[in-house]
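Residue-level structural notes
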Amino acid sequence: MSHHKIDIKDLDYMYPDGKKAVNGFSINITHGESVALVGANGAGKSTLLSLMVGILMPQKGEIIIGDTHLSKETLPLLRQKIGMTFQNADDQLFMNSVYEDVAFGPRNYKLNEEEVDARVIGALKKVDALHLKDRPPYKLSGGEKRAVSIATALSLDPDILLMDEPTAALDPKSRRRLIGILKEFAHTKIIATHDLDMALDVCDRTIVMNQGTVVADGRTKDIMVNDELLEKCSLERPLILQGQNN
Amino acid sequence: MSNITGALYKIRYLDEFSRKKTLMHRLSPTIKLIVTLIYILLVVSFGKYQLGGVIAMSAYPLIMLSLAEMPAKELIKRVVVAMPFVMGVGIFNPVFDRDIMTYFLGIGISGGWISFLTLIVKGVLTVSSAIILVGTTGIENIAHSMRILKMPKIFVVLILLTYRYISVLMEEAASIWTAYKLRAPGQKGIRHDVWGPLLGQLLLRTYDRGIRVYDAMILRGFDGDFRMGTAFVTGIGSYLFLLIALAGFLIIRLSVITMILDLLI
Amino acid sequence: MHMADALLSPAVGGAMWAAASGGAAYSANKLKTDLDDRKIPLMGVMGAFVFASQMINFTIPATGSSGHIGGGMLLAILLGGHAGFLTMASVLLIQALFFADGGLLALGANIFNLGFFTCYVAYPLIYKKIISNKYTRGRLIAASVISVVVALQLGAFSVVLQTFFSGKTELPFTSFLLLMQPIHLAIGLVEGLITAAVVSFVWNARPEIITHANERKPLKNIDIRKVIVGVLIATVVVGGFLSWFASENPDGLEWAIFNTTGTEELEGSNPVNEFFARIQEKTAFLPDYGFKETSEGAGNSGTSFSGVTGGIITMVLALGVGKLISVFKRIKS
C-alpha cells in the first residue's frame, strides 16, 4: 500500500504581495505515518497544507501523492484521496445541518442517496458524533464542530488527512477526546499545530518549519527535548516534558 | 448589541422550532408553502371595508398555532415589530375617510376606521402565516420546495448559504459592537470617522471567509453544481391538509357563514 | 423601507412578484453562463454580511440620531449587478420569513424596490458612469453617495406607487409622496455616506475587491435595457390582467367559483338551484362581509353588522377548535 506516500521536492510559494511563505521545502512521508508540522506563526505551515491540496499552486517544485504528480488535471482525483480540515471549522461547515454537511462531498461524487447515507452515518460514527446528525451548526460546541468537520473529510474515504490546528480553541476535555479519535485513525496524517503536547501524543514524527523551509525532521520524542532548536523557532517544550532533563 | 442578540435569538428560536415533529411539521413543505401563499393572496384580496372577512380569515393561523404547538407569545413578538409601517400609512384612513358607515352601540363609525382596522388585521394575518410557515417547515425544507417549484437553483443555494452565515456574521458583528462600546461608553452608535474601518474590516474578513468556504467546497468535489438531498415524500396527509385548507378558505372567502346567518335572521 | 403585505392588493403584489421573479430568473441565468463558481459562496457570505451590518447603528454627526446600511448598492459594488441583485433578493426573502420584514406577497415589491433600483438602475447607470473605470477616492465617494440616494428615491417612489395602485389606504398620492421622498433623501444620504466610507476603506486596503467586479464582465448596456424592459412588461401585463380581472368581476373569485360549478347556467331548474339562487339574491342586497362601498348603500347606515358578526363567529370557532386540539394533545401526552 505504498501509494499513499507523499513526496514534496523543492517547493516554493510566494504570495502576490511578495511574501515568500514556502521556500525550498522538501519532505518524504510514507504510508500510515503520523506527522506533526510545527513552527512559529508565519512559518508557512498553512500555506504548505494549501499547496498539498491545490488550493494554492506552487511556483516551483513538485508534489507527488502516491504516484501522481499534483497538477490542475490530477486535482479532482487527488482531492478524493486527501481529506483536509481547516483552522476555522465554521468555514468548512457551510450547510444548515450536520447531516447535509457531511453528505456534501459524497453527493458531489454522485453516489446514490443510500450510499451517501451509509457514508454519512459511517463518518459521523468514527468521530463519535452520530447524535449530532440533525443539529444546525450554530448549536455545536467548538469540539463538536471540530469532530463534524473531520467527518466531512472522512465521508469521502480519504487515505490521507491534513489538519490545520485541530486542537485550537478546544476545552481540555474536547481536546482529550479529539486526541483519542485521532490516535485511532490509520490514515496517513499531517497535523499542523502549536499544541506540542498533542503532537507528542499523536505523532511519531515531527517536522519543524521556519521561514518556509524544514529546519528539523525527526522523531517527536527527540525534537521536543531539543531546547535550542525549539527556542530558535519560537517554540517551547511540551508541558509534560518541562522540568525534565533529556 | 441587544439589537443583534435579539435578532439572533429570533432567528434561532424559529430555526429550532422548525425541527419539532408535530403533525404540522411532518406535512409536505411544498404544500405548506403553496397553502400559505394562497392564504396571503386571499387575505389581501378582501376589499378595504371587509373587516368581517379578514377577521374570519384568522381561523387559519389560530388553528395552525394549536396544531403546531407554537406559543402565541413568540408569534406576537414578531408581528408587533412588523406593524409600524402598516399603521403609519393606515392611520390616514380615518383622517381622510370620515363618512359614517355604520353605527355600533349608537356611535357612528366612519369608513376610515373600518378600513384602518381591516388593514391592521390583514397585516397581522399575513405576517403570522409566513412565520407559521417557517416555524413548521424550516429554511432547508422551504429551499427544497422552491426547487420543486422551479425557482432558479443558484438562488436557492444562495438563500441556504446566506442563512447559514447569518449566525456566524451576527456573532462577529456583535463582538465588534461590544468591543467598540467598551472603549466608547455612552455612545448610541458608531462615530462617523470609524464607519469605514469598522464595517470595512468585517467586510474584508467576510470576503476572505467566502474564499475559504469555496476552498472547503472544492476540496469535497464541488464542481459548480450544488447537489441537494432527495425531495420530501408527500403523503396522503399532506393532500388532505391541502384539501381541507382550501375548502376552509373558500368557505370563508365566499362568506358562507354570513350567508347562513343572513338566511336565518 | 419594507413594503408590507397588508398594503398591497393581489394585483399589485402579483405584478411585483412577476417583475421580481423575472429579474431573478434573468440574473440567475446570466450568472449560470458567465459566473465562476468562486462567486457563489462569496455571494452567500456577503448576503449574511449585509444582514449583520444592518444591525449596527451608525451615529450621524451633529444630529444625535443614528442610521444603518441598506446593502443593495454595496452588494452591487462588490459583486456586480446580477450577483448583487440575486444576493439582495435572498437577503430580503430571509428577512420576510424570519423577521416579518415585509411579507411573502410583498417580497416581490421589496425585491423590486430595494434590489432592482440599486443593482440594475443606480449601479450601472450612475455608479459605473461616475467611476468610468478611473478609481479615485473622490469618485468612489461621489459614486456611492449619489447612486445610493437615487436608488432610494426610486425605491421610495415605487413604494408610493404600489400603495396608491393597491388602493387600500386613503392617503392621497401627493401627500404620501411628499412624506416619503424627503424622508428617504435623508436616509439615503446617511446610507450613501456609510456605503462610501466602507467602499473607500476596502478600496484602500484591497483595491482588487472593488475593481474586480467591474473589470470582469462589464454589463453591456443592451443587457440592462433588456432587463428593464422585460421587468416593465412583466409588471404591466400581470398587473393589467389582474386588475382587469378584479374590476370586471368585483369579486373575481366568487365569479370564478360560481362559473365553474355551473350554478348560473342551471339556474332555476331544480330546488337545489333555487336555493342557491335565493342565497345569491339575498347576498346581492346584504353585504358579504364588509359595508358595501358601491351603489345604493354607500356611506349610510343601512348596512348591517352581520358581516363582521360572521367573521367574529368564524374566529371564535377557530379558537375553539384550536383549544380543543391543545387539550387533546395534552391528554395524549
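Check the entry above for the structure.
So, a few notes on the structure that sits alongside this text. (Residues numbered from 1 in each chain as written. Chains lettered and ligands numbered in written order. Predicted model: local features only at pLDDT ≥ 70, side-chain atom pairs only at ≥ 80, totals over all residues. Heavy atoms only, no water.)

**Let's talk about the side chain of Ser 9 of chain C**
With respect to the secondary-structure elements, Ser 9 of chain C resides in the segment before helix H1 (10-34). Residue classification places Ser 9 of chain C among the buried residues on the basis of a relative accessible area of 9%. Other than its neighbours up to four places away in sequence, Ser 9 of chain C contacts Val 44 of chain B together with Phe 165, Ser 166 and Lys 168 of chain C. (Helix = DSSP H or I, 4+ residues; strand = E, 2+ residues; numbered from the N terminus. Buried < 20%, exposed > 50% of the residue type's maximum accessible area, 1.4 Å probe, protein only. Contact = heavy atoms within 4.5 Å.)

**Looking at the interface of chain B and chain A**
Taken together, the contact between chain B and chain A spans 30 residues of the former and 31 residues of the latter. In this assembly, chain B packs against chain A so that about 2800 Å² is buried in total across both faces, 54% of it on carbon and sulfur atoms. If you look at where chain B meets chain A, you find five salt bridges. Along the contact surface separating chain B from chain A lie 13 residue pairs in polar contact (both at pLDDT 80 or more). With eight residues, the single largest contributor to the side of chain B that touches chain A is helix H11 (residues 195-219) of chain B. (Buried area = accessible area lost by both parts, 1.4 Å probe. Salt bridge = Lys/Arg side-chain N within 4 Å of Asp/Glu carboxyl O. Polar contact = N/O pair within 3.5 Å; in protein donor to acceptor, adjacent residues only side chain to side chain.)

**Remarks on the sheet that holds strand S1 (residues 6-14) of chain A**
Residues and elements named next belong to chain A. Strand order in the open sheet formed by four strands is S2-S1-S4-S5, with antiparallel pairing between adjacent strands. Sheet topology places strand S2 (20-29) and strand S5 (68-69) at the edges, where each strand pairs with a single neighbour. Relative to S5, strand S4 (residues 60-65) is paired through two bridges, and the arrangement is antiparallel. Across the sheet, Ile 64 pairs through a bridge with His 69, a residue of S5. Running at roughly 115° to S1, helix H1 (residues 45-52) makes contact with S1, S2 and S4 of the sheet. (Pairing = 2+ DSSP bridges. Axes fitted to C-alpha atoms, helices over the stretch in contact; angles between N-to-C directions.)

**Focus: the nonpolar core**
Formed by 218 residues in total, the largest nonpolar core has its most connected members in Met 170 of chain B together with Phe 98 and Ile 210 of chain C. Sorting elements by how many residues they give to this core places helix H10 (residues 153-183) of chain B first, with 19 residues. The two domains that each donate at least three residues to this core are domain 1 (5-248) and domain 2 (286-332) of chain C. Sequence-distant contacts of Phe 98 of chain C, that is, excluding residues within four places in its chain, are made with Ile 11, Leu 14, Asp 15, Arg 78, Val 134, Ile 139 and Tyr 163 of chain B. (Core = buried A, V, L, I, M, F, W, Y, C linked by side-chain atoms within 4.5 Å. Domains from an automatic or database assignment.)

Shape descriptors only; they carry no functional weight alone.
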